[in-house]
Amino acid sequence: MAAISTHPAKAGWSFVKPSVVPGFGLTFGYTLVYLSLIVLIPIIGLFLKAATVSPEDIVRIATSPRTVNALRVSFGASLIAAGINVVFGLIVAWVLVRYKFPGRRILDAIVDLPFALPTAVAGIALSTLYAPKGWVGWLVGPNGPFQLGWKIAYTPTGIVIALIFIGLPFVVRTVQPVLEEFEAELEEAAATLGANRWQTITHVILPRLTPAILTGFALAFARAVGEYGSVIFIAGNLPNISEIAPVLIVIKLEEFDQAGAAVIAAIMLLIAFAMLLIINLIQTWARRRFGNV
């Protein structure tokens, strides 16, 4: 009688880890088809349309003052808004997690309001509020009680405010779960070892939050770069001053210059991809340095 081997048979080569849940082939194929239809094919079509323009025209469109200024306003305002959202989003998440007070649940729900509010409605509300005759615009304007002479609406400052409004939830909702799972024992241990509150924040809390903060920054930045509805009302859309790249693309389409719009969109996509790649590399370094939290 032949001996029965008790050793499991060696599995053949596979790039998939064994799983108790079957169906990898079907789900992987569906993932590829879905991503191709929704993401890859439209992007390829965009670059193919931009490729119909001669290299000289591509250079001319890319280096025209109006295009350069529109890209500068879009990416500059997005970076500033994302940076401000990191600071205030971290404070909001800290308050919601660490303190119990009446109305906390209502405040927590208000954070998600920019997700549900149509961007056009947000743009109209912000432009009405910060216009020269609006409540805030009048207070800080030249005719207001403070005589500050500030103009917010129809300037790049108004664009930054609109982008802060739509990007804040991304930072709060990214940092908040990490704060909720943060071990209080680490803070107690730091205090036991003689660290003051500032040292505990900078050496214990912030390093652990760095990956989540970078993720929130990347999400807020990516959302702000492509924003259109909430910006067009408060920006004023003045060429070379407060005109963003998405508005310039729409103007090109209204002029039936689809190839020119595709060139600007492709340039915008390449810049956004490069900046997000840099952010993701920094995020990867932070996870290796401070841990995957």
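Residues numbered from 1 in each chain as written. Predicted model: local features only at pLDDT ≥ 70, side-chain atom pairs only at ≥ 80, totals over all residues. Heavy atoms only, no water.

Student: Give me the lowdown on the overall build of the protein, citing residues and values where you can.
Tutor: Along its length, the protein carries 13 helices and zero strands. Ordered by position from the N terminus, the helices and strands of the protein form the series α-α-α-α-α-α-α-α-α-α-α-α-α. Taken over the C-alpha trace, the protein has a radius of gyration of 25 Å; the compact-globule value for 293 residues is 19 Å, which it surpasses by more than 25%. Overall size of the protein, expressed as C-alpha extent along the three principal axes, is 100 × 60 × 30 Å. Across the protein, contacts joining residues at least 24 apart in sequence account for 73% of those joining residues at least 6 apart. (Helix = DSSP H or I, 4+ residues; strand = E, 2+ residues; numbered from the N terminus. Rg over C-alpha atoms; globule rule 2.2 N^0.38 Å. Contact = heavy atoms within 4.5 Å.)

Student: Run through the pattern of salt bridges, naming residues and quoting values.
Tutor: Counted under the stated rule, the structure contains six salt bridges. Ionic pairing is found between Arg60 and Asp57, a salt bridge with its closest N-O pair at 3.6 Å. Highlighted residues: Arg60 and Asp57, both in helix H2 (residues 55-63), separated by three residues, approximately one helical turn. One continuous salt-bridge network, built from bridges that share partners, spans Asp108, Asp112 and Arg173. (Salt bridge = Lys/Arg side-chain N within 4 Å of Asp/Glu carboxyl O.)

Student: Which residues make up the environment of Ala184, and what values do they have?
Tutor: Structurally, the position occupied by Ala184 is in helix H9 (residues 184-192). Taking the C-alpha atoms as reference points, Ala184 and Phe28, separated by 156 residues in sequence, lie 40 Å from one another.

Student: Can you tell me about the nonpolar core, naming the residues and giving the values?
Tutor: In terms of nonpolar packing, the biggest core is built from 46 residues, with Phe75, Val175, Leu179, Leu209 and Met268 touching the most fellow members. Where this core is concerned, the elements lending two or more residues are helix H3 (65-98), helix H8 (156-180), helix H10 (197-225), helix H12 (245-254) and helix H13 (258-290). Ranked by the residues each element gives to this core, the list is headed by H13, at eleven residues. In this view, Leu209 contacts Leu90, Val175, Val178 and Leu179; residues no more than four positions away in its chain are not counted. Formed by 20 residues, the second largest nonpolar core is a distinct cluster that contains Ile152, Val160, Ala224 and Val231. (Core = buried A, V, L, I, M, F, W, Y, C linked by side-chain atoms within 4.5 Å. Buried < 20%, exposed > 50% of the residue type's maximum accessible area, 1.4 Å probe, protein only.)

Student: So, unusual backbone geometry: which residues are in play, and what are the values?
Tutor: Even without being a glycine, Tyr154 presents a positive backbone phi close to 65 degrees. Mapped onto the fold, Tyr154 is located in the loop between helix H7 (135-140) and H8. Despite not being glycine, Asn237 shows a phi value in the positive range, around 55 degrees.

Student: Tell me about the side chain of Thr67, residues and numbers included.
Tutor: Looking at where Thr67 falls in the secondary structure, it is placed in helix H3. Given a relative accessible area of 3%, Thr67 falls into the buried group. Only 2.9 Å separates the side chain of Thr67 from the backbone oxygen of Ile61, close enough to count as a polar contact. Not counting residues within four places of it along the chain, the set of residues in contact with Thr67 comprises Ile61, Ala62, Leu248 and Ile264. (Polar contact = N/O pair within 3.5 Å; in protein donor to acceptor, adjacent residues only side chain to side chain.)

Student: Can you break down the side chain of Asn85 residue by residue, with the values?
Tutor: The residue Asn85 is located in helix H3 in this model. Apart from the residues within four sequence positions on either side, Asn85 is in contact with Leu90, Leu163, Ile164, Gly167, Leu168, Val171 and Ala220.

Student: Quick rundown of the packing of H3 against H12? Include the residues and the values.
Tutor: The contact between H3 and H12 brings their axes to 8 Å, and the two run at 140 degrees. Taken together, H3 and H12 sit at an angle that is classed as oblique. Side by side, H3 and H12 meet where Arg66, Thr67, Ala70, Leu71 and Ser74 of the first sit next to Ala245, Pro246, Leu248 and Ile251 of the second. Split into classes, the residues belonging to the contact of H3 with H12 amount to six nonpolar, two polar and one charged. (Axes fitted to C-alpha atoms, helices over the stretch in contact; angles between N-to-C directions. Parallel < 35°, antiparallel > 145°, perpendicular 65-115°, else oblique. Nonpolar A, V, L, I, M, F, W, Y, C, P; charged D, E, K, R; others polar.)

Student: Lay out the environment of Gly141 with the relevant residues and their values.
Tutor: Looking at the element boundaries, Gly141 is found in the loop between H7 and H8. Taking relative accessible area as the criterion, Gly141 reaches 5% and is therefore assigned buried. Remark: the alpha-carbon pair of Gly141 and Lys151, spanning ten residues in sequence, is separated by 6.1 Å. When residues no more than four places from it in sequence are discounted, the contact partners of Gly141 are Gln147, Leu148, Gly149 and Trp150.

Student: I'd love a proper account of the packing of aromatic side chains, names of residues and values included.
Tutor: As enumerated under the stated definition, the model contains three aromatic pairs in all. Centroid distance Phe75 to Phe221: 6.4 Å. Interplanar angle 40 degrees. Geometry classified as tilted. Of this pair, Phe75 sits in helix H3 while Phe221 sits in helix H10, placing them 146 residues apart in sequence. With relative accessibility at 7%, the residue Phe75 sits in the buried group. Ring centres of Phe115 and Phe170 lie 5.1 Å apart, and the angle between their planes is 90 degrees; on these two criteria the pair is classed as edge-to-face. Here Phe170 lies in helix H8 and Phe115 lies in helix H5 (residues 113-116), a separation of 55 residues in the sequence. One Lys or Arg, Arg98, reaches over the ring of Trp94 and ends 4.4 Å from the middle of that ring. (Phe/Tyr/Trp six-rings, centres within 6.5 Å; stacked < 30°, edge-to-face > 60°. Lys NZ or Arg CZ within 6 Å of the ring centre and 35° of its normal.)

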